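Spelled out from the first residue to the last, the chains are:
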Amino acid sequence: MSLGKHIVLSTGAKLPQIGLGTWLSKPKEVEHAVEYAVRSGYRHLDLARIYQNQDEVGAALKKVIPSVVTREDLFITSKLWNSAHQAAYAEKELDETLAQIGTDYLDLYLIHWPIAFPPGNGLNPPHATKEGEVAIDTETSLVDTWKALIALPKSKVRAIGVSNFTVAQLKGIIAATGVVPAVNQIEAHPLLPQDELVAYCKSQNIHITAYSPLGNNLIGKPKLTENAVVEEVAQRLGATTAQVLVAWGAHRGYSVIPKSVQEERIVSNFKQVELSEEDYQKISAIGHDNYTRFNIPFTYKPKWDVNIFDEPIEKQAAFSAKIQ
Ligand SMILES: NC(=O)c1ccc[n+]([C@@H]2O[C@H](COP(=O)([O-])OP(=O)(O)OC[C@H]3O[C@@H](n4cnc5c(N)ncnc54)[C@H](OP(=O)(O)O)[C@@H]3O)[C@@H](O)[C@H]2O)c1
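Just so it is clear, the structure is predicted and the values come from calculations on it, not from any experiment. Residue indices begin from 1 for each chain and proceed along its sequence in written order. In keeping with the predicted nature of the model, local features appear solely for residues at pLDDT of at least 70, side-chain atom pairs appear and are counted solely at 80 or more, and the whole-chain, interface and lining totals rest on all residues. The basis for the side-chain values is all heavy atoms of the structure; hydrogens and waters are excluded.

A few points about the UniProt feature "site: Lowers pKa of active site Tyr" (unreviewed entry) in the protein
Argument step 1. UniProt positions are given in the numbering used here, feature names are shortened, and annotations may be inferred rather than shown by experiment. Under the UniProt annotation, the feature "site: Lowers pKa of active site Tyr" (unreviewed entry) is placed at K79.
Argument step 2. Numbering goes from the N terminus for both helices and strands, where a helix is a DSSP run of H or I of at least four residues and a strand is a run of E of at least two. Tracing the backbone through its elements, the reader meets K79 in strand β5 (residues 75-80).
Argument step 3. The exposure class of K79 is buried, given its relative accessible area of 0%.
Argument step 4. Any pair of residues with heavy atoms lying within 4.5 Å of one another is described as a contacting pair. Excluding anything up to four places from it in sequence, K79 contacts D46, L47, A48, R49, Y51, E93, Y109, L110, H112 and Q185. The classification of residues rests on relative accessible area computed with a 1.4 Å probe and restricted to protein chains. Under 20% of the type maximum is buried, over 50% is exposed, and intermediate values are partly exposed.

Considerations on the layout of surface pockets
Argument step 1. Within this model, the second largest pocket holds a volume of roughly 310 Å³.
Argument step 2. Mapped by element, the contributors of at least two residues to the lining of the second largest pocket are α6 (195-203) and β9 (207-211).
Argument step 3. Here the lining of the second largest pocket takes four residues from α6, the largest share from any one element.
Argument step 4. The classification used treats Ala, Val, Leu, Ile, Met, Phe, Trp, Tyr, Cys and Pro as nonpolar, Asp, Glu, Lys and Arg as charged, and all other residues, Gly among them, as polar. Classifying every residue of the lining of the second largest pocket by side-chain character gives eight nonpolar, four polar and two charged. Cavities and pockets are defined on a 1 Å grid built over the protein atoms alone: a cavity is a set of grid points where a 1.4 Å probe fits but cannot escape, while a pocket is an open set with protein on both sides within 12 Å along at least five of seven lines, and lining residues are those with an atom within 4 Å of any such point. Grid points are joined across faces, edges and corners, and a volume is the space filled by probe spheres set on the points.

Quick word on the packing of helix α1 (residues 29-39) against helix α2 (residues 54-64)
Argument step 1. Axis separation between α1 and α2 bottoms out at 8 Å; the angle between their running directions is 35°. Here α1 runs over α2; the crossing is right-handed. On the side of α1, the interface is formed by E29, V30, E31, V34, E35, V38 and R39, while α2 contributes E56, V57, A59, A60, L61, K63 and V64.
Argument step 2. Class assignment for the residues of the contact of α1 with α2 results in eight nonpolar, no polar and six charged. Every angle, taken between N-to-C directions, lies between 0 and 180 degrees, and every axis is a line fitted to C-alpha atoms, over only the stretch in contact when it is a helix. By definition, turning the near helix anticlockwise from the far helix through less than a right angle yields a left-handed crossing, and turning it clockwise yields a right-handed one.

A short note on a positive patch on the surface
Argument step 1. Together, K26, K223, K259 and R265 make up a positively charged patch on the protein surface.
Argument step 2. As for its placement among the helices and strands, R265 is situated in helix α9 (residues 263-270). Grouping into patches uses exposed residues only, defined as over 30% relative accessible area, and leaves out salt-bridged ones; the cut-off is 9 Å for like charges and 5 Å for nonpolar side chains (Val, Leu, Ile, Met, Phe, Trp, Tyr). Only the protein chains shown count as cover for residues, and the accessible areas themselves come from Shrake-Rupley with a 1.4 Å probe. Think of a salt bridge as a Lys or Arg side-chain nitrogen and an Asp or Glu carboxyl oxygen that are within 4 Å of each other. Within this scheme the basic residues Lys and Arg register as positive and the acidic residues Asp and Glu register as negative, but His and the chain ends are omitted. In this description, the location of a charge corresponds to atom NZ of lysine, CZ of arginine, CG of aspartate or CD of glutamate.

Observations regarding the UniProt feature "active site" (unreviewed entry) in the protein
Argument step 1. Following the UniProt record, one finds the feature "active site" (unreviewed entry) at Y51.
Argument step 2. Within the secondary structure, Y51 sits in the loop between β4 (44-46) and α2.
Argument step 3. Take Y51: its relative accessible area is 15%, and that puts it in the buried class.
Argument step 4. Leave out the neighbours within four places in its chain, and Y51 touches T22, W23, D46, K79 and H112.

Observations concerning the packing of aromatic side chains
Argument step 1. When the centres of two rings from Phe, Tyr and Trp lie within 6.5 Å, Trp using its six-membered ring, the rings pair. Their planes under 30 degrees apart give stacked, over 60 give edge-to-face, and anything left gives tilted. In total, this model carries 11 aromatic pairs according to the counting rule given.
Argument step 2. Both rings, one in W81 and one in W304, keep their centres 5.8 Å apart while their planes meet at 70°; by these two values the pair is edge-to-face. Placement of the pair is W81 in the loop between β5 and α3 (87-101) and W304 in the loop between α10 (277-284) and β11 (306-307), with a sequence separation of 223 residues.
Argument step 3. Judged by relative accessible area, W81 falls into the buried class, the value being 3%.
Argument step 4. On the basis of an interplanar angle of 85° and a centroid distance of 5.1 Å, the ring pair of F117 and W304 is categorised as edge-to-face. Placement of F117 in the loop between β6 (108-111) and α4 (142-150) and of W304 in the loop between α10 and β11 is noted, with a sequence separation of 187 residues between them. For the pair F117 and W304, one class covers both residues: buried.

Overview of the site of the ligand
Argument step 1. Nearness of a residue to a molecule or strand requires only that one of the residue's heavy atoms be within 4 Å of it. Taken together, 28 residues form the shell around the ligand, and within it D46, S212, L214, S260 and R265 come nearest.
Argument step 2. Throughout this description, a polar contact denotes any pair of N or O atoms lying within 3.5 Å of each other; where both atoms belong to protein, one of them has to be capable of donating a hydrogen while the other can accept it, and for residues adjacent in sequence the pair is counted only when both atoms sit in side chains. Note that an oxygen atom of the ligand is positioned 2.7 Å from one of the backbone N or O atoms of L214.
Argument step 3. When the ligand is considered free in solution it has 890 Å² of accessible area, and contact with the protein chains removes 88% of it.
Argument step 4. When grouped by side-chain class, the residues that make up the shell around the ligand number 10 nonpolar, 14 polar and four charged.

Looking at the pattern of salt bridges
Argument step 1. Here the structure, examined in full by the defined rule, presents 19 salt bridges.
Argument step 2. Across the salt bridge formed by K315 and D310, the nearest N and O atoms sit 3.3 Å from each other.
Argument step 3. Judged by its relative accessible area of 53%, K315 falls in the exposed class.
Argument step 4. Residue D310 is classed as partly exposed on the basis of its relative accessible area, which comes to 46%.
Argument step 5. Shared partners join several salt bridges into a network, and the residues in it are E31, E35, R39 and K63.

Here's what the structure looks like:
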């Protein structure tokens, strides 16, 4: 069984290039998906506290460790949620995550979003007066939270990084601490190339993990997996459109974490195909007049009244991420 290619992080750790995403996997689905994925060769799992299914992942891991793999064979990423950004809460939430997964360490722990919520009132604390909005903690900065991650015991967290961070946010936490995140996990697919962010990360040796690589489409646009250009390339290569989209991310040096709970897709998404430079350019061209970011928390329900990426729709937000 091929275990696929891997990336070497700035820490020296080996990160398998294709991992399994677990967001929006329904209850009872993710346990089977994770077990099936590990049996099929996946060694990289992308989890988060907010997905509220880490206990199911833990149940799956009990079925495959040690009979199929050892814990050391796996690369497990999880993410600190916004309501535990405060120094007094970060390690407590990490401990909860470790208990849910049933492991004593993570390979990588990320700050999930560059925005803090007040602690102690659930994962999406309601705003005191504005119905349909989450409460925002305007005091805790990204530097505070990055320092909290840096302070976590190395025995529990082998590498630390961030997710959804912009160049300015990355520069801010690096300047304040001198500690460079190992990874920035960002939305990345042909409609969202983010060349400036990618170039900055490369210059700092920050590895990029591509989330929503298939363009997980929560806003009703045509699916990237059904795009005519992607279909043409896939047909010619004898590949699926999802494999072509994963290959587009791999061509850019990303690790890529497609989510599926369907056995056939779990297997096929993991099978790596290579894109020629010409096909890579062809797929990249889809995004030239069709820039799309699918995941914008300002549009969530409940809404986060925050400008994170400076997208046009976010400019009306009351808050922006507090860096320092
Ligand atoms: N850091 C962050 O803020 C953040 C945000 C979003 C996502 N993520 C991570 O990234 C992972 C992947 O992103 P995502 O879940 O948003 O989207 P995605 O992987 O781009 O797309 C997932 C969707 O595509 C479908 N799909 C999977 N394989 C397919 C195939 N071969 N052909 C056609 N459709 C296919 C899945 O349905 P089925 O399950 O039915 O196959 C699901 O509806 C997440 O699960 C999560 O772990 C992180």
